[in-house]
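Residue-level listing of the chains:
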Amino acid sequence: DLNSYLTNDAPRSPEISLSLTADSTTLVAVQEDTSSRLWVTAPGEDENRSHQITNGKFDGLAGVSWTPDQKILAVLESGSEAELWSMNGDGRERKQLTADGYVKFRPEMSPDGRHIAFVTMRSSFSNIARIYADGSNQRQLTTGNAGGFGPRFTPDGRWIIFWSYMWSGVPMLGKVSIDGGGAEQLTTYYSAFPVFFSHSSTS
């Protein structure tokens, strides 16, 4: 095992990118390094005019979204942990919203700006949780193995729609109140990644 005997920086899958010289004196391997940072640009704007607003190693990799008041929610590094943060659209006035040390991803704010939903992983299980917009009063809303992914608020901000394996071996949609009380199954067929679309009629 390269990680144990040769170097701490070896790739995790050396069998894919490992070679030995003909005289068997030298090994060569390729190291893969992933990084993620947040950039902001306007629709249709030249990419050269976009600007970087974070400098962390994995910023936004686990989720980033706009709030109704045009701020940014993102999962950013905080020491050795990844936590939820809010910031202005230019990256300033950052505020850390969580500090529990659990893995979390896919944050989204409710249309009324009162709550933030996200996926939290406790004991290696993924479930839906919510906090108030200021980061207080965190509450886990679903339970069990693979209890929730991809949270989306209903337009009234009272319910969170998500997909889960909790009812079957395939993903199906469910909903849960922001106040908890148990999840309700919505579909009985393969379904995931719910999205709400707004539309207006014209006469």
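On a predicted model such as this, the values are computed, not experimentally measured, just so you know.

Parameters at a glance
Residues numbered from 1 in each chain as written. Predicted model: local features only at pLDDT ≥ 70, side-chain atom pairs only at ≥ 80, totals over all residues. Heavy atoms only, no water. Helix = DSSP H or I, 4+ residues; strand = E, 2+ residues; numbered from the N terminus. Buried < 20%, exposed > 50% of the residue type's maximum accessible area, 1.4 Å probe, protein only. Contact = heavy atoms within 4.5 Å. Areas by Shrake-Rupley, 256 points an atom, 1.4 Å probe, with all protein chains shown as cover. Polar contact = N/O pair within 3.5 Å; in protein donor to acceptor, adjacent residues only side chain to side chain. Pairing = 2+ DSSP bridges.

A. Expanded view of the overall build of the protein chain. Tallying secondary structure elements over the protein chain gives one helix and 16 strands in all. Taken over 203 residues, the protein chain has a buried fraction of 37%. Expressed as a percentage of contacts within the protein chain between residues at least 6 apart in sequence, the contacts between residues at least 24 apart total 27%. Summed over all atoms, the accessible surface of the protein chain reaches about 12,500 Å², with 49% contributed by carbon and sulfur.

B. Spotlight on the side chain of Ser-86. Relative to the helices and strands, Ser-86 is located in strand 7 (residues 81-87). Each residue touching Ser-86, except ones within four places of it in the same chain, is listed here: Ile-72, Leu-73, Glu-93, Arg-94, Lys-95 and Leu-97.

C. Layout of the side chain of Thr-142. Relative to the helices and strands, Thr-142 is located in the loop between strand 12 (139-140) and strand 13 (149-153). Of the polar contacts made by the side chain of Thr-142, one reaches the backbone oxygen of Gly-147; its length is 3.2 Å. If sequence neighbours within four positions are ignored, Thr-142 has contacts with Asn-127, Ile-128, Gly-147, Gly-148, Phe-162, Met-166, Val-176 and Ala-183.

D. Region of interest: the pairing of strand 14 (residues 159-164). With respect to burial, strand 14 is a largely interior element, five of its six residues being buried. Sheet topology note: the strand 13/strand 14 ladder contains three bridges and is antiparallel. In the sheet register, Phe-153 faces strand 14, and the bridge partner there is Ile-160. Where strand 14 meets strand 15 (residues 172-177), six bridges bridge the pair, whose relative direction is antiparallel. Its bridge partner lying in strand 15, Ser-164 is registered against Met-172.

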